[in-house]
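Geometric and topological summary
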Amino acid sequence: MIQHYKYYLLWLIILMVYLLGWRIDLMDVDAAQYASISKEMTINKSYLQIFDLGRDYLDKPPLLFWITSFFMTIFGTSDVVYRFVNLIFALIAIFSTYQFAKKYYAPPIPYYASLILGTCQALFLITHDCRTDTMLMGWVMLSVWLFSEALSNKKITYYIFAFAAMAGGLMTKG
């Protein structure tokens, strides 16, 4: 079984790899376009009508733009701030995977499940090609974990938070 300090040391190394990856420029097309939309939303303070280079943008649901614009308002406009949102949702997905596995499996399995997800090349890629996929994964895994808690505990608060997580997923990807 993994000892706790080794588990946390592995997570520290994984987090450092993710942060070092931020030295890579944003990928062209979608990630750069979405960052530009969020920046334009922040500058123009137009949160209900979304623009892309001055033209109406009707392609994606707005949650990604709202959240990244919120962080850009607080921390300034940069690609690091834009990527921070994806890192938060990746951590939500990893934490929810751990909690879900902890509910149904013996102690080493939750650690392994979260480590496998955290070191997955696809997760590393989608946190650097900042689109809606990382957010969707975070919302979906959060709702799965919360629904499993709701079904076993029969508490209304778990249902409310699970439905809110599902709504977040719908506002992220449609």
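Refer to the structure above for everything that follows.
Overview of the structure. (Residues numbered from 1 in each chain as written. Predicted model: local features only at pLDDT ≥ 70, side-chain atom pairs only at ≥ 80, totals over all residues. Heavy atoms only, no water.)

Mapping T132 onto the fold places it in the loop between α6 (121-128) and α7 (133-153). Discounting chain neighbours no more than four positions away, the residues touching T132 are K60, L64, T172 and K173. (Helix = DSSP H or I, 4+ residues; strand = E, 2+ residues; numbered from the N terminus. Contact = heavy atoms within 4.5 Å.)

Take empty space enclosed by the protein next. If you walk through the whole model with that rule in mind, you get one cavity of 30 Å³ or more. Space inside the largest cavity adds up to approximately 30 Å³. Lining the largest cavity, in full, are I37, E40, M41, N44, S46, Q49, I50 and F51. Examining the composition of the lining of the largest cavity, we find that four residues originate from one element, helix α2 (residues 30-44), more than from any other. Looking at the lining of the largest cavity, its residues break down into four nonpolar, three polar and one charged. (1 Å grid on protein atoms, 1.4 Å probe; cavity = no way out; pocket = protein on both sides within 12 Å on 5 of 7 lines; lining within 4 Å. Points joined across faces, edges and corners; volume = space filled by probe spheres on them. Nonpolar A, V, L, I, M, F, W, Y, C, P; charged D, E, K, R; others polar.)

Attention shifts here to the pattern of salt bridges. This model, assessed by the stated rule, comprises three salt bridges. Notably, a salt bridge pairs R131 with D30, separated by 3.0 Å at the nearest N-O pair. Taken together, the residues span a long stretch of sequence, with R131 in the loop between α6 and α7 and D30 in helix α2 at a distance of 101 residues. A relative accessible area of 29% means that R131 is categorised as partly exposed. With a shortest N-O distance of 4.0 Å, E149 and K103 are connected by a salt bridge. (Salt bridge = Lys/Arg side-chain N within 4 Å of Asp/Glu carboxyl O. Buried < 20%, exposed > 50% of the residue type's maximum accessible area, 1.4 Å probe, protein only.)

Nothing here speaks to function; it is geometry throughout.
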